[in-house]
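Residues per chain, in single letters:
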Amino acid sequence: MTPTKTTDLKAGPSSTDEFIKGLWRENPVFVQVLGMCPVLAVSNSAINALAMGLATAFVLIMSNILVSSLRNFIPKQVRIASYILIIATFVTMVDYAIQAISVDLHKNLGAFISLIVVNCLILSRAEAFASKNTIGKSALDALGMGLGFVFALFCLGAVREILGNGSIFGFMIFPESFQEWIIMILPAGGFFTLALWLFLFNNYKLKKAKA
Amino acid sequence: MSANKTISTQPNTNASSKKMLIAMVGIGVICALLIVLSYEGTKERIEILKAEALEKAVFKVVPGISKTRIFELTAEGTFVPSDGKDRSKTLVYAGYDETDVFKGIAIEASGQGYADILRILYGYDPETQTVVGFYVLESKETPGLGDKIEKDEDFLANFNALTVALTEDLSKIQNPVVPVKEGKKVNPWEVDGITGATISSRAIGNIIGESSAKMVPLIYKQQEVFNSAINPTSK
Amino acid sequence: MKSESLWYIFINASLINNFVLAYFLGICPFLGVSGKMETATKMGAAVTFVMIISSVCAFGIHALLVAINAPFLQLISYIVVIAATVQLVEMVIKKMSPALFRSLGIFLPLITTNCAILAVALFQTAKGYSFFGSLAFAFGGGIGFTLALILMAGIREQLDFADVPKVVKGTVITLLVAGILSLTFMGFSGLGS
């Protein structure tokens, strides 16, 4: 299940590591349990989940790059305020971009695009990583974390859409007779699906620890 | 930077707060620039897309039209052309066919559904004095149950010709639109409900009933306003 | 558009569309501080308080932004003003009532970045509530959040005595309980119609 995309990275092993860790070992959703609100709220279909994941990843990457390039310029006392300002800017940009792409998509995601601002994942990466590392490393870190987030959201969205609606990306994959599990697209289904994924992760970790 | 952090003598504090100020202003300027750029860059396209989406909905509820104009209801009960941006106003969308003849009007209405506020659009044809179409703009009804109001064909058939005829003196609707239980519809002004989505379907009936009682007499009397809005010369 | 009654807005925000269990807002504190009844109650009170204050602020900002025709500044000004107000309130409480500060104070900085707070501001604007409507919405949202937190804390205190398998301990069992709570809250749908 380890992604193969990492092979085409030119950077050295330590940089590659910055990238991979977000995808798997420190996956923001499954391992760090950060940024739960959008994960649960918009993962009722695969396409919503993917769009939300990509929007978050974009904000994460851009804000990490900007924070890291300004890291010697921002005084320590006002750093959090500056980060919030920077993040809010990119979120506003993404909001307009999504509206320009599809009004329907924007309607589905609703206020949750704006709520990327308070996604703890982004602020925590800015504070814990980008403010201390070079631009290149921060960008890689954000890319890894962002893709890890997209991956996790997609896992949830796909499961919920397949079971709750019998389709994936809007294409029906089950025969007509399939009885949808409506509960999966209801809010409760979000909690249950996330619990299921975390359970699988825990199970895997425990097994590995034993071996 | 760490030297500035500690509480120090007067000049030092001044220097650090100056630096803070510069940093905040600098970031503020960069941010403002980025936001305005993306706003200006996407504005046009967003407006086109929104207008398209709205047009699609209006075309759905008033059959046979190809153009639409927005009007808002003033406090005096008259209709004036509007840009549709003020969401606190009641908006209606007049529909015209290819030869600029006023064919019908789409009315926005909202009310309490099962899970949240329902926002709908319904079409009214003054000529036949009937409701001719219905479309859900916004709903959070339970998938598979309450959302049947958007899909159930028998239910949607209610709104193909729902009578909202006015009384002789044009002051009010003869028989207000009322929701009834599934299969109990006998009169052309009743809305047949959906079993399994009782509350949602009843809510739609009530929303249309309430809104049409208020709007239809007003619209009927002011047909000329809608007519002249598109071809001011014709009489 | 027909305006809704204040009572209905309140019921809607607190029970039918509970912020935590239906809109998934404020999940982080919901999972984080729902371990003990006492902290849950205090956290809930602090959140309700901040929600009402930020709702008032947001109403003012929105009116201002509409007046100067700058909708693109909405998000950035909401978040900055809310964060600043919370800081201010914290300082005022510290001065005026040290006792209150001791019980609520440590939660205040935490909730600046709670998404439920920003959501109150965004939703009330999106739904076009009047001033009092916004207040009812913020109060309802806060009460709903507190209710969810207290219910969760009550259940988790009992869970401490249960024999939970190691693999589902912690977040997993909390999420499962939250899912069941969310299902029960669906029973409130249809109230007020």
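Residues numbered from 1 in each chain as written. Chains lettered and ligands numbered in written order. Predicted model: local features only at pLDDT ≥ 70, side-chain atom pairs only at ≥ 80, totals over all residues. Heavy atoms only, no water.

**Examining the overall build of chain C**
Here is step 1 of the chain: In terms of helices and strands, chain C carries nine helices and zero strands.
Here is step 2 of the chain: When the helices and strands of chain C are placed in sequence order, the string is α-α-α-α-α-α-α-α-α.
Here is step 3 of the chain: Against the 2.2 N^0.38 benchmark of 16 Å for 193 residues, chain C shows a C-alpha radius of gyration of 18 Å, consistent with a compact globule.
Here is step 4 of the chain: Counting the 193 residues in chain C, one finds 53% classified as buried.
Here is step 5 of the chain: Excluding contacts between residues fewer than 6 apart, the proportion of contacts in chain C whose partners are at least 24 apart in sequence is 80%.
Here is step 6 of the chain: Carbon and sulfur atoms provide 72% of the accessible area of chain C, an area that totals close to 8,400 Å². (Helix = DSSP H or I, 4+ residues; strand = E, 2+ residues; numbered from the N terminus. Rg over C-alpha atoms; globule rule 2.2 N^0.38 Å. Buried < 20%, exposed > 50% of the residue type's maximum accessible area, 1.4 Å probe, protein only. Contact = heavy atoms within 4.5 Å. Areas by Shrake-Rupley, 256 points an atom, 1.4 Å probe, with all protein chains shown as cover.)

**Details of the confidence of the model for chain C**
Residue and element names in this part refer to chain C.
Here is step 1 of the chain: In the predicted model, chain C carries a mean pLDDT of 84, and 93% of its residues have values of at least 70.
Here is step 2 of the chain: Within chain C, the lowest mean pLDDT, 69, falls on helix H6 (residues 108-111), and the highest, 92, falls on helix H8 (residues 131-159).
Here is step 3 of the chain: Overall fold confidence (pTM) sits at 0.82, and the ipTM for the predicted complex is 0.84. (pLDDT = per-residue confidence, 0-100.)

**Notes on helix H9 (residues 171-185) of chain C**
Here is step 1 of the chain: A rise of 1.5 Å per residue sets the reference length of H9 of chain C, with its 15 residues, at 21 Å; its end C-alpha atoms lie 21 Å apart and thus fit the reference within 8%.
Here is step 2 of the chain: Within H9 of chain C, burial applies to Val172, Ile173, Thr174, Leu175, Val177, Ala178, Gly179, Leu181, Ser182 and Phe185 of chain C.
Here is step 3 of the chain: Buried positions along H9 of chain C lie against helix H8 (187-210) of chain A together with helix H1 (6-16), helix H2 (27-32) and H8 of chain C. (Expected span 1.5 Å × (residues − 1).)

**Things to note about the interface of chain B and chain A**
Reports of interface size often rely on the accessible area that becomes lost once the parts have come together.
Here is step 1 of the chain: Taken together, the contact pairs 25 residues of chain B with 26 residues of chain A.
Here is step 2 of the chain: Of the roughly 2,400 Å² buried between chain B and chain A, counting both surfaces, carbon and sulfur atoms make up 79%.
Here is step 3 of the chain: Between the two partners, chain B and chain A, sit zero salt bridges.
Here is step 4 of the chain: Run the count over chain B and chain A and you get three residue pairs in polar contact (both at pLDDT 80 or more).
Here is step 5 of the chain: Taken together, the elements giving at least two residues each to the side of chain B that touches chain A come down to helix H1 (2-5) and helix H2 (10-61) of chain B. (Buried area = accessible area lost by both parts, 1.4 Å probe. Salt bridge = Lys/Arg side-chain N within 4 Å of Asp/Glu carboxyl O. Polar contact = N/O pair within 3.5 Å; in protein donor to acceptor, adjacent residues only side chain to side chain.)

**Points about the interface of chain A and chain C**
Here is step 1 of the chain: If you look at the interface, chain A gives 33 residues, while chain C gives 36 residues.
Here is step 2 of the chain: Buried surface at the junction of chain A and chain C, both sides included, amounts to about 2,900 Å², of which 87% is carbon and sulfur.
Here is step 3 of the chain: Considering only the surface of chain A that becomes buried against chain C, Cys37, Val118 and Phe191 of chain A emerge as the three largest contributors, covering 21% of it.
Here is step 4 of the chain: Taken together, the links from chain A to chain C amount to zero salt bridges.

**A look at the environment of Asn133 of chain A**
Residue and element names in this part refer to chain A.
Here is step 1 of the chain: Along the chain, the position of Asn133 falls in the loop between helix H6 (120-130) and helix H7 (135-165).
Here is step 2 of the chain: Along the primary structure Asn133 and Phe73 are separated by 60 residues, whereas in three dimensions their C-alpha atoms are 14 Å apart.
Here is step 3 of the chain: Those residues in contact with Asn133 that lie beyond four places of it in its chain are Ser68, Arg71 and Ser138.
Here is step 4 of the chain: Reaching out from Asn133, the side chain makes a polar contact with the backbone oxygen of Phe129 at a distance of 3.0 Å.

**Regarding empty space enclosed by the protein**
Here is step 1 of the chain: For the coordinates displayed, the defined rule picks out four cavities of 30 Å³ or more.
Here is step 2 of the chain: For the largest cavity, the calculated volume is near 50 Å³.
Here is step 3 of the chain: Lining of the largest cavity is provided by Asp116 of chain B together with Ile9, Asn12, Ala13, Asn17, Tyr23, Lys127, Tyr129 and Phe137 of chain C.
Here is step 4 of the chain: It is H1 of chain C that provides the largest number of residues to the lining of the largest cavity, a total of three residues.
Here is step 5 of the chain: Residues of the lining of the largest cavity, tallied by class, amount to five nonpolar, two polar and two charged. (1 Å grid on protein atoms, 1.4 Å probe; cavity = no way out; pocket = protein on both sides within 12 Å on 5 of 7 lines; lining within 4 Å. Points joined across faces, edges and corners; volume = space filled by probe spheres on them. Nonpolar A, V, L, I, M, F, W, Y, C, P; charged D, E, K, R; others polar.)

**Quick word on a nonpolar patch on the surface**
Here is step 1 of the chain: A cluster of nonpolar side chains, contributed by Leu6, Val56, Phe131 and Phe132 of chain C, occupies part of the molecular surface with about 360 Å² of accessible area.
Here is step 2 of the chain: You can see Phe132 of chain C is positioned in helix H8. (Patch = residues over 30% accessible without salt bridge, like charges linked within 9 Å, V, L, I, M, F, W, Y side chains within 5 Å.)

**A few points about the packing of aromatic side chains**
Residue and element names in this part refer to chain C.
Here is step 1 of the chain: For the structure on display, the rule yields 23 aromatic pairs over all chains.
Here is step 2 of the chain: Ring centres of Trp7 and Phe10 lie 5.8 Å apart, and the angle between their planes is 25°; on these two criteria the pair is classed as stacked. Remark: Phe10 and Trp7 occur in helix H1; sequence separation between them is three residues, near one turn of the helix.
Here is step 3 of the chain: Note on Trp7: relative accessible area 60%, which makes it exposed.
Here is step 4 of the chain: A ring pair is formed by Phe59 and Phe131, whose centres lie 5.3 Å apart and whose planes are at 70°; its orientation type is edge-to-face. Of the two residues, Phe59 sits in helix H3 (residues 37-68) while Phe131 sits in helix H8, which places them 72 residues apart along the sequence. (Phe/Tyr/Trp six-rings, centres within 6.5 Å; stacked < 30°, edge-to-face > 60°.)

**With respect to the pairing of strand E4 (residues 102-112) of chain B**
Residue and element names in this part refer to chain B.
Here is step 1 of the chain: Among the eleven residues in E4, ten count as buried, and that is most of the element.
Here is step 2 of the chain: Inspection of the sheet shows strand E3 (residues 91-96) paired to E4 by five bridges, in the antiparallel sense. Residue pairing in the sheet places Gly95 in a bridge with Gly104 of E4.
Here is step 3 of the chain: Counted between consecutive antiparallel strands, the loop separating E3 from E4 contains five residues, among which Asp100 sits at a positive phi close to 65°.
Here is step 4 of the chain: In the sheet, E4 pairs with strand E5 (residues 117-125) via eight bridges, with the strands oriented antiparallel. Paired with Ala109 across the bridge in E5 is Ile120. (Pairing = 2+ DSSP bridges.)

**Examining the confidence of the model for chain B**
Residue and element names in this part refer to chain B.
Here is step 1 of the chain: Across chain B, the average pLDDT comes to 79, with 89% of residues at 70 or higher.
Here is step 2 of the chain: Within chain B, the element-level pLDDT minimum falls on H1, averaging 41, and the maximum on E5, averaging 86.
Here is step 3 of the chain: Confidence drops under a pLDDT of 50 for residues 1-9, and excluding neighbours within four residues, the segment shows ten contacts in the predicted structure.

**Regarding the pattern of salt bridges**
Here is step 1 of the chain: By the definition in use, this model includes five salt bridges over all chains.
Here is step 2 of the chain: We note a salt bridge from Lys21 of chain A to Asp141 of chain A, for which the minimum N-O separation is 2.9 Å. One end of the pair, Lys21 of chain A, is in helix H1 (residues 13-23); the other, Asp141 of chain A, is in helix H7, and 120 residues separate them in sequence. For the pair Lys21 of chain A and Asp141 of chain A, a shared accessibility class is recorded, and that class is buried.
Here is step 3 of the chain: Measuring nitrogen to oxygen at the nearest pair gives 3.2 Å for the salt bridge that ties Glu38 of chain C to Lys42 of chain C. In this pair, Glu38 of chain C and Lys42 of chain C are both assigned in helix H3, four residues apart and thus about one turn of the helix distant.
Here is step 4 of the chain: For Lys42 of chain C, a relative accessible area of 27% translates into the label partly exposed.

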